Amino acid sequence: MLSAAEATTSEEDWGTGVTYFEGETDGVQDLLSGTATIKPGLEIHPPHRHHEEEFLMVLEGTGEWTIGERSFAASAGDMLYAGSWDLHGIRNTGDEPLRFVFWKWHSKGVPVPQDPAG
């Protein structure tokens, strides 16, 4: 059980980040899970890449996903999967805060994929 009362909250220029779990489980390493609330017109950072797999799901608000070279609308209930080294991101394009939940991890026993960009 990971309660909101025990989560770590950080206030940033772009909005609020809440970390529920960061660490290792029986099957995964480098796990990071939490929520982020992005202010209108902002993004946490430009689209980025990393070796961990990641799911992101919009809980409230509207925005724009980036996956690879494509961009498309994001709204409450939508979920994005980014595989290892996939370029991905989310930006708040609405007038209200955009809140999403994320899970990012690397499975134990699986070699870290090499960055295809070099």
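Our subject is the structure that appears above.
## A closer look at the packing of aromatic side chains
- Applying the stated criterion to the full structure yields three aromatic pairs.
- Ring centres of Phe-55 and Tyr-81 lie 5.1 Å apart, and the angle between their planes is 50 degrees; this geometry places the pair in the tilted category. One end of the pair, Phe-55, is in strand β4 (residues 53-60); the other, Tyr-81, is in strand β7 (residues 79-82), and 26 residues separate them in sequence.
- The partly exposed category is assigned to Tyr-81, whose relative accessible area is 37%.

## Regarding the pairing of β7
- Alternating residues of β7 divide into Leu-80 and Ala-82, all buried, and Met-79 and Tyr-81, none buried.
- Pairing geometry for β4 and β7, over four bridges, is antiparallel. Paired with Glu-54 across the bridge in β7 is Ala-82.

## Concerning unusual backbone geometry
- One non-glycine residue with positive phi stands out, namely Asp-30, at about 55 degrees.
- Considering the arrangement of structural elements, one finds Asp-30 in strand β3 (residues 28-38).
- Residue Asp-30 is classed as partly exposed on the basis of its relative accessible area of 38%.
- Positive phi, normally seen in glycine, also occurs at Trp-85, with a value near 65 degrees.

## Structural notes on the sheet that holds β7
- Spatially, the six strands line up as an open sheet ordered β1-β2-β3-β9-β4-β7, and their pairing is antiparallel. Looking along the sheet, the strands with just one partner apiece sit at the ends: β1 (8-12) and β7. Strand-to-strand twist of the sheet, defined as the mean angle between neighbouring strand axes without regard to direction, takes the value 20 degrees.
- Across eight bridges, strand β2 (residues 15-23) lies against β3 in antiparallel orientation. Its bridge partner lying in β3, Thr-16 is registered against Thr-37.

## Looking at the pairing of β2
- As paired strands, β1 and β2 are joined by five bridges and run antiparallel to one another. Pairing of Glu-12 across the sheet is with Gly-15, part of β2.
- Connecting β1 to the next strand, β2, in antiparallel fashion are two residues.
- The loop that links β2 with its antiparallel partner β3 comprises four residues.

## Things to note about the nonpolar core
- Ranked by internal contacts, the top residues of the largest apolar core, which has 14 residues, are Ile-38, Leu-56, Val-58, Trp-65, Ile-90, Leu-98 and Phe-100.
- Among the secondary structure elements, those contributing two or more residues to this core are β3, β4, β5 (62-67), β7 and β9 (98-107).
- By residue number, the principal contributor to this core is β9, which donates three residues.
- In this structure, Leu-98 is in contact with Ala-36, Thr-37, Ile-38, Val-58, Glu-60, Gly-61, Thr-62, Gly-63, Ile-90, Arg-91 and Asn-92, ignoring residues within four places of it in sequence.

How each quantity is defined
Residues numbered from 1 in each chain as written. Predicted model: local features only at pLDDT ≥ 70, side-chain atom pairs only at ≥ 80, totals over all residues. Heavy atoms only, no water. Phe/Tyr/Trp six-rings, centres within 6.5 Å; stacked < 30°, edge-to-face > 60°. Helix = DSSP H or I, 4+ residues; strand = E, 2+ residues; numbered from the N terminus. Buried < 20%, exposed > 50% of the residue type's maximum accessible area, 1.4 Å probe, protein only. Pairing = 2+ DSSP bridges. Axes fitted to C-alpha atoms, helices over the stretch in contact; angles between N-to-C directions. Core = buried A, V, L, I, M, F, W, Y, C linked by side-chain atoms within 4.5 Å. Contact = heavy atoms within 4.5 Å.

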